[in-house]
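Given next are the chains, with one letter for each unit.
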Amino acid sequence: MDIDAFTAVHAAEWDRLKELASRRRLDGAESDELVRLYQSVATHLSTVRSAAPDPALVTRLSDVLNRARTRIAGTHEPAWREVVRFAVVSLPAAFYRIRWWSHAVTAACLLVGIVAGAYVASDEQALNALMPPSAQEEYVNNAFASYYDPGIEFAGVVWTNNARIAALAVAGGITGFFTLNVLWQNAVQIGATGGMMAAHDELDLFLTLIAPHGLLELTCIFVAGAAGLRLFWTLIDPGHRKRTVAMAAEGRALITTVIGLAVALAVSGLVEGFVTGSGMYWWLKIVIGAIVLAAFWAYVYVLGGRATRAGATGDLAEHEAGATVVTAG
């Protein structure tokens, strides 16, 4: 099929459908015309896909049909269905597809943190390089515990800061180095703080105050780092797809991941704001943190595994993302 000739014959219908779909109000005749053109253009799209799948033309027609479909059917019910689908299909699939990256980043960061903590706890020069001895006493005995001030305002501040770090880790994936730097800095900082607390015989206090919220909070940072590194690896090895196509698909899936991490970090922020600094028994705080973390991974593995087996990736649907050329390989 001659795409140029086909476009020349039907372009006026496509433009008319786009115009009608964009209007705020339609009279009876225009509404009938909208439906008729929608059916006609849907046939054109089917013809193009089967006879000559030009990606630019398929994207153009898909966009026009999507607008017309929304205009004809309305937005309320489909919008709610999309929210539900995002929560139970797209988001867990996006997490699930990077699960091994997440576990690898977690293991690497824990190793870095433990080494940094052991080094600071066992080397007086390294310990004093963090802060003067007098400042250490103040931090260990007062500042560290008093930081966790129960309340919604504190939870909001914590959430904002952690969401920013997670977004930077994901967005920096395009360079690779930036994401690694974010992960390294966080792992070393937490490990060094734990080492200083251990050097002053307060390691139990450190773990008690970090564990309730930190189990999920740090997991989210590690997942964000994994997502960023996955993006960088796609740049290096796009597989059978064109590099631009692969990067676009990966980038859209990572947007889904960022939204999910923002929600998960909000949960960890609430735990940090209302559980960590509360008067609960220490073991109950840790149990709550463990339950929240277990719920996160159950969500990823149960819903994400099911969604992935059904073909979901966390990317947009084809009519939303645009068509691509089918390649062999």
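Let me sum up the structure you'll find in this document. (Residues numbered from 1 in each chain as written. Predicted model: local features only at pLDDT ≥ 70, side-chain atom pairs only at ≥ 80, totals over all residues. Heavy atoms only, no water.)

### Some thoughts on the overall build of the protein chain
Part 1 of the reasoning: Helices and strands together make up the secondary structure of the protein chain, namely 13 helices and zero strands.
Part 2 of the reasoning: Here the C-alpha atoms of the protein chain give a radius of gyration of 26 Å, more than 25% beyond the 20 Å that 2.2 N^0.38 yields for 329 residues.
Part 3 of the reasoning: If one aligns the C-alpha atoms of the protein chain with their principal axes, the spans along those axes are about 80 × 45 × 30 Å.
Part 4 of the reasoning: Evaluated residue by residue, the protein chain yields a buried proportion of 40% over its 329 residues.
Part 5 of the reasoning: Summarising the internal contacts of the protein chain: among those between residues at least 6 apart in sequence, 79% fall at separations of at least 24.
Part 6 of the reasoning: A total accessible area of about 17,600 Å² is found for the protein chain, and carbon and sulfur atoms account for 64% of it. (Helix = DSSP H or I, 4+ residues; strand = E, 2+ residues; numbered from the N terminus. Rg over C-alpha atoms; globule rule 2.2 N^0.38 Å. Buried < 20%, exposed > 50% of the residue type's maximum accessible area, 1.4 Å probe, protein only. Contact = heavy atoms within 4.5 Å. Areas by Shrake-Rupley, 256 points an atom, 1.4 Å probe, with all protein chains shown as cover.)

### Points about the side chain of histidine 213
Part 1 of the reasoning: Mapping histidine 213 onto the fold places it in helix H10 (residues 203–236).
Part 2 of the reasoning: Its relative accessible area of 2% is what places histidine 213 among the buried residues.
Part 3 of the reasoning: Ignoring sequence-local partners within four residues, the contact set of histidine 213 consists of Tyr148, Ser268, Val271, Glu272 and Thr276.

### Some words on a nonpolar patch on the surface
Part 1 of the reasoning: A grouping of Met280, Tyr281, Trp282, Trp283, Leu284, Val287 and Ile291 is seen on the molecular surface, where their side chains present a nonpolar patch of about 750 Å² in accessible area.
Part 2 of the reasoning: Relative to the helices and strands, tryptophan 282 resides in helix H12 (residues 282–309).
Part 3 of the reasoning: By relative accessible area, tryptophan 282 is classed as exposed at 54%. (Patch = residues over 30% accessible without salt bridge, like charges linked within 9 Å, V, L, I, M, F, W, Y side chains within 5 Å. Salt bridge = Lys/Arg side-chain N within 4 Å of Asp/Glu carboxyl O.)

### Notes on helix H1 (residues 3–22)
Part 1 of the reasoning: Taking the largest bend as the criterion, H1 deviates by roughly 55°, centred on histidine 10.
Part 2 of the reasoning: Those residues of H1 that sit buried are Ile3, Phe6, Thr7, His10, Ala11, Trp14, Leu17, Leu20 and Ala21. (Bend = angle between axes of the 7 residues up to and from the residue.)

### Some words on the nonpolar core
Part 1 of the reasoning: Core analysis: the biggest nonpolar cluster contains 37 residues, and Phe95, Val105, Leu183, Val223 and Phe296 have the highest contact counts within it.
Part 2 of the reasoning: When contributions to this core are tallied by element, the ones reaching two or more residues are helix H4 (76–96), helix H5 (99–122), helix H8 (152–171), helix H9 (177–199), H10, helix H11 (243–276) and H12.
Part 3 of the reasoning: In terms of residues, this core owes the most to one element, H10, which gives 11 residues. (Core = buried A, V, L, I, M, F, W, Y, C linked by side-chain atoms within 4.5 Å.)

### A word on the pattern of salt bridges
Part 1 of the reasoning: All chains considered together, the criterion is met by six salt bridges.
Part 2 of the reasoning: Residues arginine 16 and glutamate 19 are paired through a salt bridge, measuring 3.4 Å at the closest nitrogen-oxygen approach. You can see arginine 16 and its partner glutamate 19 sitting in helix H1, three residues apart, about one turn around the helix.
Part 3 of the reasoning: Given a relative accessible area of 23%, arginine 16 falls into the partly exposed group.
Part 4 of the reasoning: Salt-bridge contacts for aspartate 63 lead to arginine 67; the nearest nitrogen and oxygen are separated by 3.5 Å. Residue aspartate 63 and its partner arginine 67 are both found in helix H3 (residues 55–73); the two are separated by four residues, about one turn of the helix.
Part 5 of the reasoning: Overlapping salt bridges bring together Arg16, Glu19, Arg23, Glu30 and Glu33 as one network.

### As for the packing of H5 against H10
Part 1 of the reasoning: Between H5 and H10, whose axes approach to 8 Å, the crossing angle comes to 115°. Like other packed secondary-structure pairs, H5 and H10 cross with a definite hand, here right-handed. Residues Trp101, Ser102, Val105, Thr106 and Cys109 of H5 pack against Phe222, Val223, Ala226, Leu229, Arg230 and Trp233 of H10.
Part 2 of the reasoning: For the contact of H5 with H10, the class distribution of residues is eight nonpolar, two polar and one charged. (Axes fitted to C-alpha atoms, helices over the stretch in contact; angles between N-to-C directions. Left-handed = near helix turned anticlockwise from the far one by under 90°. Nonpolar A, V, L, I, M, F, W, Y, C, P; charged D, E, K, R; others polar.)

### With respect to the packing of H11 against H12
In helix packing, the relevant descriptors are the interaxial angle and the interaxial distance, both defined with respect to the helix axes.
Part 1 of the reasoning: H12 packs onto H11 with a crossing angle of 175° between their chain directions and a minimal axis gap of 11 Å. Taken together, the axes of H11 and H12 lie roughly antiparallel to each other. Only Lys285, Ile288, Val292 and Phe296 of H12 make contact with H11, whose side of the interface consists of Ala264, Val267, Val271, Val275 and Thr276.
Part 2 of the reasoning: Of the residues belonging to the contact of H11 with H12, the class tally is seven nonpolar, one polar and one charged. (Parallel < 35°, antiparallel > 145°, perpendicular 65-115°, else oblique.)

### Digging into the state of the cysteines
Part 1 of the reasoning: Per the stated rule, a full pass over the model turns up zero disulfides.
Part 2 of the reasoning: No disulfide involves cysteine 109; its nearest neighbouring cysteine sulfur is the one of cysteine 220, lying 13 Å away.
Part 3 of the reasoning: Taking relative accessible area as the criterion, cysteine 109 reaches 8% and is therefore assigned buried.
Part 4 of the reasoning: Residue cysteine 220 is classed as buried on the basis of its relative accessible area of 0%. (Disulfide = S-S within 2.5 Å.)

### So, the environment of proline 53
Part 1 of the reasoning: In this fold, proline 53 is placed in the loop between helix H2 (28–51) and H3.
Part 2 of the reasoning: For the pair proline 53 and histidine 10, spaced 43 residues apart in sequence, the C-alpha to C-alpha distance is 16 Å.
Part 3 of the reasoning: The residues touching proline 53, leaving out its near neighbours within four places in the chain, are Val48 and Val58.

### Considering the packing of aromatic side chains
Part 1 of the reasoning: Enumeration according to the criterion identifies 10 aromatic pairs in this entry.
Part 2 of the reasoning: Relative to tyrosine 301, the ring of tyrosine 96 lies with its centre 5.8 Å away and its plane at 80°, an arrangement referred to as edge-to-face. One end of the pair, tyrosine 96, is in helix H4; the other, tyrosine 301, is in helix H12, with 205 residues separating them in the sequence.
Part 3 of the reasoning: Consider the rings of tyrosine 281 and tryptophan 283, whose centres lie 6.1 Å apart with planes at 10°: the pair is stacked.
Part 4 of the reasoning: The exposed category is assigned to tyrosine 281, whose relative accessible area is 60%.
Part 5 of the reasoning: The class of tryptophan 283 is partly exposed, set by a relative accessible area of 46%.
Part 6 of the reasoning: An aromatic cluster is present here, built from Phe95, Tyr96, Phe296, Trp297 and Tyr301 joined pairwise through their rings. (Phe/Tyr/Trp six-rings, centres within 6.5 Å; stacked < 30°, edge-to-face > 60°.)

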